[in-house]
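Structural description and commentary
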Amino acid sequence: DTGVSQDPRHKITKRGQNVTFRCDPISEHNRLYWYRQTLGQGPEFLTYFQNEAQLEKSRLLSDRFSAERPKGSFSTLEIQRTEQGDSAMYLCASSYNDRANTEAFFGQGTRLTVV
Amino acid sequence: SQKIEQNSEALNIQEGKTATLTCNYTNYSPAYLQWYRQDPGRGPVFLLLIRENEKEKRKERLKVTFDTTLKQSLFHITASQPADSATYLCALPGYSSASKIIFGSGTRLSIRP
């Protein structure tokens, strides 16, 4: 297993366009997280999945954002009608959670630039 | 609401010295606390986890303390090296849901030769 994989690594889009990012977690991991990070800030929680169920979504996530994890494997994050304020690094992480383990493994991120 | 505070100013120290980074949190008592390292343009990498019943944990040149009374964790790197230069993030389980991980804003550490 090569770790958490995100695609694409970079995306430049025009304001108003829709974009979709993909995350492939470590295969045996049951939890998958999406974060957004801007320069000089820590990762900001967006949403997470336990297997295929989306258990929590940040109230910072507007209706333009949607995430899915069909079959509890890979996940996609879609942003509709992008705005310049959406420009950020979007990070995906996965973990196998039980009482002993909570460590999250991160992908390299997708850097989104909205022009 | 839950708050995690880390030194927003960068920390610059001489190679060989001990670097100490601080993480303060408010408004609840987490069962554990994690530290991550992040290099520019890359995702965070897990370093250490310390549980509420542990006062101190060590891993090679790293040492973490967890004071649940002060609501504070200290992260130490001994015999620091230029390769230790990075941003270090403190992370806690969420207050409303322990299943999510909430990060501080991070402290940028620079080790000069």
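Note that this is a predicted model, so its numbers are computed, not measured. Position numbers for residues start from 1 in each chain and track the written sequence from start to end. Labels are handed out in written order, letters beginning with A for the chains and numbers beginning with 1 for the ligands. Local features in this predicted model are restricted to residues of pLDDT 70 or higher, and side-chain atom pairs are both shown and tallied only at a pLDDT of 80 or more, whereas totals for entire chains, interfaces and linings draw on every residue. Side-chain metrics in this entry use all non-hydrogen atoms of the structure; hydrogen atoms and water are not considered.

A closer look at the overall build of chain A
- Numbering of helices and strands starts at the N terminus; helices are DSSP runs of H or I of at least 4 residues and strands are runs of E of at least 2. Secondary structure assignment for chain A yields zero helices and eleven strands.
- When the helices and strands of chain A are placed in sequence order, the string is β-β-β-β-β-β-β-β-β-β-β.
- Radius of gyration here uses only the C-alpha atoms, and the compact-globule reference equals 2.2 Å multiplied by the residue count raised to the power 0.38. For 115 residues, the compact-globule estimate of 2.2 N^0.38 gives 13 Å, and chain A sits close to it at 14 Å.
- Note on contacts: a residue pair qualifies if any of its non-hydrogen atoms lie within 4.5 Å across the two residues. Long-range pairs, those at least 24 residues apart, make up 53% of the contacts in chain A with a sequence separation of at least 6.
- Exposure was quantified through the Shrake-Rupley algorithm and a 1.4 Å probe, taking into account, for residues, occlusion by the shown protein chains and nothing else. Surface summary for chain A: the accessible area is close to 6100 Å², and the carbon and sulfur share equals 44%.
- Taking the average location of the 15 positive side-chain charges in chain A and that of its 14 negative ones, the two points are 6 Å from each other. Charge assignment in this entry is limited to Lys and Arg as positive and Asp and Glu as negative, and neither His nor the chain termini are counted. Positions of charges follow a simple convention, taking NZ of Lys, CZ of Arg, CG of Asp or CD of Glu.

Looking at the packing of aromatic side chains
- Here the aromatic set is Phe, Tyr and Trp, taking the six-membered ring for Trp, and pairing holds for ring centres within 6.5 Å; pairs whose planes are under 30 degrees apart are stacked, those over 60 apart are edge-to-face, and all others are tilted. The final tally for this structure, using the stated rule, is 14 aromatic pairs over all chains.
- Following the ring pairs from residue to residue traces out a cluster consisting of Y33, Y35, F45, Y48 and F106 of chain A together with Y36, F46 and F103 of chain B.
- Positioned over the ring face of F74 of chain A is R22 of chain A, at 3.9 Å from the centre of the ring. Each ring is checked for a lysine NZ or an arginine CZ that lies within 6 Å of its centre and within 35 degrees of its normal; such an atom marks a charge sitting over the ring.

Considering unusual backbone geometry
Residues and elements named next belong to chain A.
- Look at the link from D7 to P8: it is a cis peptide, with omega at -5°.
- The topology assignment puts P8 in the loop between β1 (5-7) and β2 (10-13).
- If you check the backbone angles, N51 has positive phi at about 55° while not being a glycine.
- Assignment of secondary structure puts N51 in the loop between β5 (44-50) and β6 (53-57).
- A simple rule labels every residue: compare its accessible area, found with a 1.4 Å probe on the protein chains alone, to the largest value its type can have, and call it buried under 20%, exposed over 50%, or partly exposed in between. Overall, the relative accessible area of 35% leaves N51 in the partly exposed class.

A word on the state of the cysteines
- The rule for a disulfide is simple: a pair of cysteine sulfur atoms within 2.5 Å. Evaluated as defined, the whole model comprises two disulfides over all chains.
- Put simply, C23 of chain A and C92 of chain A are joined by a disulfide, and their sulfur atoms are 1.9 Å apart. Classification of the bridge connecting C23 of chain A and C92 of chain A rests on its S-S torsion, roughly -70°, and on that basis the disulfide is left-handed. Of this pair, C23 of chain A sits in strand β3 (residues 19-24) while C92 of chain A sits in strand β9 (residues 88-95), and the two are 69 residues apart along the sequence. The burial state of C23 of chain A is the same as that of C92 of chain A; both residues are buried.
- Covalent S-S linkage joins C23 of chain B and C90 of chain B, the inter-sulfur distance amounting to 2.0 Å. With the S-S dihedral at roughly -60°, the linkage between C23 of chain B and C90 of chain B falls on the left-handed side. Residue C23 of chain B is found in strand β3 (residues 19-26), and its partner C90 of chain B is found in strand β9 (residues 86-93); the two are separated by 67 residues along the sequence.
- According to the relative accessible area criterion, C23 of chain B is buried, its value standing at 0%.

Some words on the sheet that holds strand β8 (residues 75-79) of chain A
All names here are of chain A.
- Two strands qualify as a pair provided that DSSP identifies no fewer than 2 bridges between them. Strand order in the open sheet made by the four strands is β1-β3-β8-β7, with antiparallel pairing throughout. Unpaired on one side and paired on the other, β1 and β7 (65-68) mark the two borders of the sheet. Sheet twist, expressed as the mean angle between neighbouring strand axes with direction ignored, is 15°.
- Pairing of β7 with β8, which is carried by four bridges, proceeds in the antiparallel orientation. Within the sheet, the bridge partner assigned to F65 lies in β8 and is I79. Every axis in this analysis is a line fitted to C-alpha atoms, fitted for helices over the stretch in contact. Angles between the N-to-C directions lie between 0 and 180 degrees.

With respect to the sheet that holds strand β8 (residues 72-77) of chain B
Residues and elements named next belong to chain B.
- What the five strands build is an open sheet, ordered β1-β3-β8-β7-β6; its pairing is antiparallel. Looking at the sheet topology across the chains shown, the edges are occupied by β1 (3-6) and β6 (56-59). Here the average twist between neighbouring strands, direction ignored, is 15°.
- Two strands pair when backbone bridges link them, and β6 and strand β7 (residues 62-67) are joined in this way by four bridges, in the antiparallel orientation. From the neighbouring strand, R58 faces β7, where its bridge partner is K63.

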